[in-house]
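Fold and contact review
Read off the chains here:
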Amino acid sequence: MKTAKIESLLQKSNVRPTAMRILVYNFLLENEAAKSLTDLENYFDKSDRTTLYRTIKTFEDKGVVHQIDDGTGTTKYALCEQGCNCQIETDLHLHFYCNICDETVCLTDRKIPNINLPDGYTAEDANLVIKGRCEKCPE
Ligand SMILES: [Zn+2]
Ligand SMILES: [Zn+2]
Ligand SMILES: [Zn+2]
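Attention here is on the structure that accompanies the text. Since we're looking at a predicted model, the values are computed, not measured.

Basis of the calculations
- Residues numbered from 1 in each chain as written.
- Chains lettered and ligands numbered in written order.
- Predicted model: local features only at pLDDT ≥ 70, side-chain atom pairs only at ≥ 80, totals over all residues.
- Heavy atoms only, no water.
- Axes fitted to C-alpha atoms, helices over the stretch in contact; angles between N-to-C directions.
- Helix = DSSP H or I, 4+ residues; strand = E, 2+ residues; numbered from the N terminus.
- Parallel < 35°, antiparallel > 145°, perpendicular 65-115°, else oblique.
- Contact = heavy atoms within 4.5 Å.
- Nonpolar A, V, L, I, M, F, W, Y, C, P; charged D, E, K, R; others polar.
- Donors = N, O, S within 2.8 Å, 3.2 Å for Na, K, Ca; no water.
- Buried < 20%, exposed > 50% of the residue type's maximum accessible area, 1.4 Å probe, protein only.
- Patch = residues over 30% accessible without salt bridge, like charges linked within 9 Å, V, L, I, M, F, W, Y side chains within 5 Å.
- Areas by Shrake-Rupley, 256 points an atom, 1.4 Å probe, with all protein chains shown as cover.
- Salt bridge = Lys/Arg side-chain N within 4 Å of Asp/Glu carboxyl O.

Bringing the packing of helix H1 (residues 3-12) against helix H2 (residues 19-30) into the picture now. Relative to each other, H1 and H2 sit at 100°, their axes nearing to 10 Å. By the angle between their directions, the pair H1 and H2 is classed as roughly perpendicular. Judged by residue contacts, Thr3, Ile6, Glu7, Leu9 and Leu10 of H1 engage Arg21, Ile22, Tyr25 and Asn26 from H2. In terms of residue class, the contact of H1 with H2 is made up of five nonpolar, two polar and two charged.

Protein coordination at the zinc ion (ligand 2) comes from Cys98 (SG), Cys101 (SG), Cys134 (SG) and Cys137 (SG), with a distance range of 2.3 Å. Sequence spacing of the donors to the zinc ion (ligand 2): C-x2-C-x32-C-x2-C. Classification of cysteine 101 by relative accessible area gives partly exposed; the value is 32%.

A cluster of nonpolar side chains, contributed by Ile115, Leu117 and Tyr121, occupies part of the molecular surface with about 350 Å² of accessible area. Among the structural elements, leucine 117 can be located in the loop between strand S5 (104-111) and strand S6 (129-132).

Below you can see the structure in the form of structure tokens.
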């Protein structure tokens, strides 16, 4: 994606498009699988962890990325769709973790089904991870 396009997408989310933010955005965009802070650190080996952490935190606060807890113990991040508000009813989708390649992807068009909670319970977040073998891993 062109830098100018990323700039305008970030601006739309009220994120000032610094060089670092554009690079991180582009990295997440080019990778289908969700990435952890460690993945970012390894890729941007000249940047310090604090800067990367702040970049991801800003993205998260502004709804540019969402966190994924895929049960591996490592928090991963993936880009949100345009207009995503990370709302349980409308935006949260299933995630798929591949047991073979250890990658987690967003199944953006598979929304989390409406779950009927008992009286008095309020859902604030939801995390639904399907585990198995992805399309890239042969049987
Ligand atoms: Zn979102
Ligand atoms: Zn796989
Ligand atoms: Zn996702």
